[in-house]
Amino acid sequence: MPQFAANLSMMYPELPFLDRFEAAAQDGFTAVEYLFPYAFAKEELAARLKDHQLQQVLFNAPPGGTDAASIDAAWNNNTRGTASIPGREAEFRQGVELALTYADTLNCPRIHLMAGLLGEGQTRASNLNTYVANLQWATALAAKAGRDVLIEPINTRDIPGFFLNRQDHAHDIIEKVGADNLKVQMDLYHCQIVEGDVATKIRQYLPTGRVGHFQIAGVPERHEPDIGELNYPYLFDVIDEVSKACGWQGWVGCEYRPRLGGQAGGTSAGLDWFKAAR
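Please read these numbers as outputs of a predicted model, since none were measured by experiment.

1. With respect to the side chain of Asn7
Part 1 of the reasoning: In this structure, Asn7 sits in strand S1 (residues 3-7).
Part 2 of the reasoning: Judged by its relative accessible area of 1%, Asn7 falls in the buried class.
Part 3 of the reasoning: At a separation of 2.8 Å, a polar atom in the side chain of Asn7 contacts the side chain of Glu33.
Part 4 of the reasoning: Residues in contact with Asn7, not counting those within four places in the same chain, are Glu33, Tyr34, Gln215, Cys254 and Glu255.

And the structure:
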């Protein structure tokens, strides 16, 4: 079966963020991911990982901003990345540099660079050169640190106007950038909403070596993977089958909002799917 990482930005919302590491470990997770670490000291996060024998497998570079306060403000003001936005190259570079310092302390092998929202009068064609150039710069810097860079297609319903929406578009970008450490963050929730035919796309793209990470959630409510229209036990078997054939050894991030997550113990109560898959 695949290896699962708890997404601490969405899971265990009834607990303070730093207490979610312990909760995830107690529920049997051995790895974690989350959106952003920048509100916390690198050393504090590293200590939580060590104390609970967890691996950090993914986090995002800043969505905008260059320090904890401006990063938080950017996210709250609906900034969803700067990688494809002309005129924000310096901000993008500072964010990547900051993310890599966290990746070093947390021993995290990969960071996700959000593409950003198309502004008024902008199109994918008008922003493509900026996106490719920024990714070429970021992958070169990340390669020196031994890190992978991920890009993620996101559905048009959850984030209207996001630059990148489809798996084929993401793989086209990778070809244009031409960096071995640039890979796709294949979120099956987003993929189902935009494209469907998820199992076929796993079989198509995983053997290419260009899928760096999976994420899962039930469709359409983004709850546990055993709630909704996707047959995740089948998809886990597909990932397992293809992984064994091509040697993929990555992680599946559980980026979902627990149906009972606001209640004490709500996340843990919804983990029957996880117990069955282990």
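2. Some details on helix H8 (residues 198-205)
Part 1 of the reasoning: Turning to H8, its buried residues are Val198, Ala199, Lys201, Ile202 and Tyr205. Down the axis of H8, the smallest arc covering the buried residues is 160 degrees, so these residues share one side.

3. Some thoughts on helix H4 (residues 89-106)
Part 1 of the reasoning: Spanning 18 residues, H4 covers 26 Å between terminal C-alpha atoms, matching the ideal 26 Å at 1.5 Å per step.
Part 2 of the reasoning: Listed in full, the buried residues belonging to H4 are Phe92, Gly95, Val96, Ala99, Leu100, Tyr102, Ala103 and Leu106. Summarising the axial view, the buried residues of H4 lie within an arc of 160 degrees, below the 170-degree limit, and thus occupy one face. Set apart from the buried face of H4 by more than 90 degrees, the exposed residues are Ala90 and Asp104.
Part 3 of the reasoning: Its buried side turned inward, H4 meets helix H2 (42-51), strand S3 (55-60), strand S4 (110-112) and helix H5 (124-144).
Part 4 of the reasoning: Two residues or fewer past H4, Asn107 is found with a positive phi of approximately 55 degrees.

4. Some thoughts on the packing of aromatic side chains
Part 1 of the reasoning: Counted under the stated rule, the structure contains 18 aromatic pairs.
Part 2 of the reasoning: Ring centres 5.1 Å apart and planes at 20 degrees place the aromatic pair Phe17 and Phe40 in the stacked group. In this pair, Phe17 sits in the loop between S1 and helix H1 (20-26) while Phe40 sits in the loop between strand S2 (31-33) and H2, placing the two residues 23 residues apart along the sequence.
Part 3 of the reasoning: A relative accessible area of 15% means that Phe17 is categorised as buried.
Part 4 of the reasoning: The structure contains a cluster of three or more aromatic residues connected by ring pairs, namely Phe4, Phe29, Tyr232, Phe236, Tyr256, Trp273 and Phe274.
Part 5 of the reasoning: The ring of Tyr102 has Lys42 sitting right over it, with the charged end atom 5.3 Å from the ring centre.

5. Considering the pattern of salt bridges
Part 1 of the reasoning: According to the stated counting rule, one finds twelve salt bridges in the structure shown.
Part 2 of the reasoning: For the salt bridge of Glu255 with Arg222, the shortest nitrogen-to-oxygen distance reads 2.9 Å. Residue Glu255 is found in the loop between strand S8 (251-254) and helix H10 (266-269), and its partner Arg222 is found in the loop between strand S7 (211-216) and helix H9 (232-246); the two are separated by 33 residues along the sequence. Each of the two residues, Glu255 as well as Arg222, counts as buried.
Part 3 of the reasoning: Salt bridges sharing partners connect three or more residues here, namely Arg166, Asp168, Glu195 and Lys201.

6. Details of the side chain of Thr139
Part 1 of the reasoning: Tracing the chain through its elements places Thr139 in helix H5.
Part 2 of the reasoning: In this structure Thr139 comes out as buried when scored by relative accessible area, which is 3%.
Part 3 of the reasoning: Beyond its immediate stretch of four places on either side in the chain, Thr139 contacts Val149, Val177, Ala179, Asn181 and Leu182.

Cut-offs and rules
- Residues numbered from 1 in each chain as written.
- Predicted model: local features only at pLDDT ≥ 70, side-chain atom pairs only at ≥ 80, totals over all residues.
- Heavy atoms only, no water.
- Helix = DSSP H or I, 4+ residues; strand = E, 2+ residues; numbered from the N terminus.
- Buried < 20%, exposed > 50% of the residue type's maximum accessible area, 1.4 Å probe, protein only.
- Polar contact = N/O pair within 3.5 Å; in protein donor to acceptor, adjacent residues only side chain to side chain.
- Contact = heavy atoms within 4.5 Å.
- Arc of directions from axis to C-beta.
- Expected span 1.5 Å × (residues − 1).
- Phe/Tyr/Trp six-rings, centres within 6.5 Å; stacked < 30°, edge-to-face > 60°.
- Lys NZ or Arg CZ within 6 Å of the ring centre and 35° of its normal.
- Salt bridge = Lys/Arg side-chain N within 4 Å of Asp/Glu carboxyl O.

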